[in-house]
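# Survey of secondary and tertiary structure
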Amino acid sequence: MTSEFMAPAATTTDAPTVRRGRFAGIRRALAPVREARGLPKWVLYVGLAIVLLFVVFAIFAPWISPYRFDQYLDSHGNRFPKSVVGGHPSAKHWFGTNALSTDVFSHIVYGSRTALEVIAIAVVISMLIGVPLGLFSGYYGGPLDRTLVLVNDAMFAFPSLLLAILIAFLLRGKFSFLGDSFSGIMSAAISITVIYIPQYFRVIRNTVISVREEPYVEAARVLGAKPRTVIAKYVFGNVVQNVPVIATLNAADALLTLAGLGFLGYGVQPTEGAEWGYDLQRALGEASGGVWWTSVYPGLAIVLLVTGLTLVGESLNDLLNPVLRRRQLLPVKITGPELEMANADAVMEERS
Amino acid sequence: MARSSGSLSRYLVTRLLLVIPMVWILLTIVFVLMRVAPGDPVQAALGGRLPQSVIEQKRHELGFDKPLIVQYGHYLGGVLTGNFGHATSQNRSVMDIVTHEGAATLELSVAAMFFALILGLGIGVLIGRFRDSPLDVVGRLFGIITYAAPVFWVGILFQLLFVAKLGVLPSSGQADVLQNIDLQNHAHTHIYVLDAIINGNWDDLRNVLVHLILPGLTLGLLVCGVFIRLVRVNVIQTLKHDYIEAARARGIGETRVVLKHAFRNALVPVVTVVGLQAALLLSGAVLTETTFNWPGIGQALILYLNQRDYAAVQGIVTVFALIVVGVSLVIDIVTALIDPRVRYS
């Protein structure tokens, strides 16, 4: 799915910019976002708005949500209705209640918290492992590089969800020292991480290999810079611009994997947090009986967040990838005699 | 001519040799994963139900008391000779699971590919022909949504619509009870559609096909997004070629130009991508089978995982790995035969 966005970006050979902070490379890489105009900008904004909505849900969940995600009694101690017996969407429960008598809307709100936590951890860890691995493997080459590429290709070819299921199965209960609510999130995130490390590795390594032979990198080497300096100062900055694109597209994919894990019962467990995939598993049995609200809303939440992240990722790709980028040309103001000349030229051109 | 066939055979040999390290690495990953699994496999599958002495005996029988390296050798040797092991929780060999449940998954996958190709090619050609029109926007949006929607959610929506609301299609299973028994008793290939045709039982065939629609369509939608994108881009690119212009200049109608001249060339890359979808299809099959209670190999995998039957899980995952490697090999060879550029690169 993501491979077509991962064409190694052509490398910029700009002279070093004046501002040379620690994040100069990142800042330079993100500059096109500020310059963006037209459709890609709007696609980016729509995507960001959707993602932001869920971020707000996640951060302010206890204030936004009418009930706690595992709450099934109202303030008088009466049990909420079950989905099949009067759990329809109502004024009290906007999106109805599910088979466990908990509020579906609260699950949507708390579910964004689970989803974003898992995604963030998974993306950060796979980045932290995949990027350095790709950098060193690509820069030094040799048998280690070849072995890593082979292992990587093998993992890439394997059905990703199966790999995640296996890891999730092996990690079950391994993080219980982190406390109830966090252990499930952690093991889900790690099992997802395993799928995405190869993607970072692959893209970063391929870019490094093309950057490695650039004259300015060679120049640095000739001047006697240590490999560490060359990688950190000259290679990294030109490679890092691929990362935001992969990260957002992976985030979208990671959410789908998380939901898949939850649906199969290997994701975040119901006691640990609200998770949309698990909610859908519970809703599955009720669907043929016509209970629609327990499945439609969690599914919509997934679709919306995945679409939002995909839109951000694709527009970032359009904006950051120099091959695809269309630069906005500044309007040129022509006045006085020059204008007349230009007009005359245009008329001549039209005639010929 | 002689030179080209020489380069083709050289390509094929190289490609075949590359399979060996690939398979070896995948098998090693599977083996390592299953050995770092918590607890002892036999204990996990049978513990609590049998006395310790029986478990010890079973451990010995299955070779779990041997050093890891010996077990590893056994495992690789077994795979080489087509022996994928034995389920611990049931008296079934993995090969038996593959031929029975695997047939159901194959049936589902073929149906899914059928739907995916029809939808993907149809929509792709249409929106490629009418590029940048509102139709194009709708078509591309459809492609994004089929990717963003979890396959099991699509399945549930279909159940809500076609089962609960309209009541026209069955919600789950591979066939109704009577037909199921009939097909089990007169099994040839374990692929229900084929068996029904071999038996000449049209009632069974109708029943099986009706059960195949929703799961096939659900899994097909997951895959078709990729095809839509690919066909659209290819149609747009092919329509720019000179020979298309030439065809138009000869006065051939636009529909004929698109379908006869552009479509065929846009089809070549699709062949490659069909193979690349094997992994996605297998991942999706696990979820689709769970959604529709389809007795396939994905559902079996989840079942054995829940029973902590490591031997069965290891065998099934091994088979998955071999399928993925095998399909990509076949596709590469087919592409090399179709497209001469591949073998020269």
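Along each chain, the written sequence defines residue order, and numbers are assigned to residues from 1. Each chain is given a letter, starting from A, and each ligand a number, starting from 1, according to the order in which they appear as written. With pLDDT at 70 or above as the cut-off, local features in this predicted model cover only qualifying residues; side-chain atom pairs require 80 or more to be listed or tallied, and sums for whole chains, interfaces and linings still use all residues.

### Some remarks on the nonpolar core
What we call a nonpolar core is a set of buried Ala, Val, Leu, Ile, Met, Phe, Trp, Tyr and Cys residues whose membership is set by joining through C-beta atoms within 7 Å. Residues with at least 20 neighbouring C-beta atoms inside 10 Å of their own are called buried, those with 12 or fewer are called exposed, and the rest are partly exposed, where every C-beta is derived from the backbone. Counting residues in each nonpolar core, the largest one holds 167 residues, and the members touching the most others are Leu162(A), Ala164(A), Ile165(A), Ile192(A), Leu255(A) and Ile316(B). Secondary structure elements follow DSSP: runs of H or I of four or more residues count as helices, runs of E of two or more count as strands, with numbering from the N terminus. Of the residues forming this core, the biggest block, 16 residues, is contributed by helix H7 (residues 180-212) of chain A. What Leu162(A) contacts, discounting residues up to four positions off in sequence, is Leu282(B), Ser283(B), Val286(B), Val317(B) and Phe320(B). One finds Ala175(B), Tyr192(B), Ala196(B) and Val208(B) within the second-largest nonpolar core, a separate group that totals seven residues. With C-beta atoms placed from the backbone, a contact is any residue pair whose C-beta atoms sit within 7 Å.

### Some words on unusual backbone geometry
All names here are of chain B. Located in the positive-phi region is His 190, a residue other than glycine, with phi close to 70°. Note on placement: His 190 falls in the loop between helix H8 (177-185) and helix H9 (192-199). The exposure class assigned to His 190 is partly exposed, which follows from the 17 C-beta atoms found within 10 Å. Even without a glycine there, the phi angle at Asn 293 is positive, about 50°. Counting through the fold element by element, Asn 293 comes out in the loop between helix H12 (254-291) and helix H13 (297-306).

### Notes on the environment of Ile108(A)
Residues and elements named next belong to chain A. Structurally, the position occupied by Ile 108 is in helix H4 (residues 104-140). A C-alpha to C-alpha distance of 6.2 Å links Ile 108 and Pro 298, two positions 190 residues apart in sequence. Apart from the residues lying within four places of it in its own chain, the contact partners of Ile 108 are Phe 95, Tyr 297, Pro 298 and Ala 301.

### Side note on the interface of chain A and chain B
Quoted interface sizes are often the accessible area lost when the parts come together. The interface is formed by 34 residues belonging to chain A together with 39 residues belonging to chain B. If you list the elements that add at least two residues to the side of chain A that touches chain B, you get helix H5 (142-157), helix H6 (160-171), helix H10 (243-264), helix H11 (276-287) and helix H12 (293-320) of chain A. Broken down by element, the residue count for the side of chain A that touches chain B peaks at seven residues, all from H12(A). Each residue is assigned to one class: nonpolar for Ala, Val, Leu, Ile, Met, Phe, Trp, Tyr, Cys and Pro, charged for Asp, Glu, Lys and Arg, and polar for all the others, Gly among them. A per-class count over the side of chain A that touches chain B returns 24 nonpolar, nine polar and one charged.

### Observations concerning the environment of Asp332(B)
All names here are of chain B. If you trace the backbone, Asp 332 turns up in helix H14 (residues 310-338). With 19 C-beta atoms counted inside 10 Å, the residue Asp 332 sits in the partly exposed group. Once the C-alpha coordinates of Asp 332 and Leu 276 are considered, the two residues, 56 residues apart in sequence, prove to be 10 Å apart.

### Points about the packing of H10(A) against H12(A)
All names here are of chain A. Taken N-terminus to C-terminus, the directions of H10 and H12 make an angle of 160°; their axes are 7 Å apart at the nearest point. In terms of axis orientation, H10 runs roughly antiparallel to H12. Crossing handedness for the pair H10 and H12: left-handed. Of the residues in H12, those touching H10 at Pro 244, Val 245, Thr 248, Leu 249, Ala 251, Ala 252, Leu 255, Leu 256 and Ala 259 are Ile 302, Leu 305, Val 306, Leu 309, Thr 310, Val 312, Gly 313, Leu 316, Asn 317 and Leu 320. In terms of residue class, the contact of H10 with H12 is made up of 15 nonpolar, four polar and no charged. Between N-to-C directions, angles cover 0 to 180 degrees, with each direction set by a line fitted to C-alpha atoms, over the stretch in contact for helices. Should an angle fall under 35 degrees it is called roughly parallel, over 145 degrees roughly antiparallel, and 65 to 115 degrees roughly perpendicular, with every other angle called oblique. Note on convention: near helix rotated counterclockwise from far helix by under a right angle means a left-handed crossing. Clockwise means right-handed.

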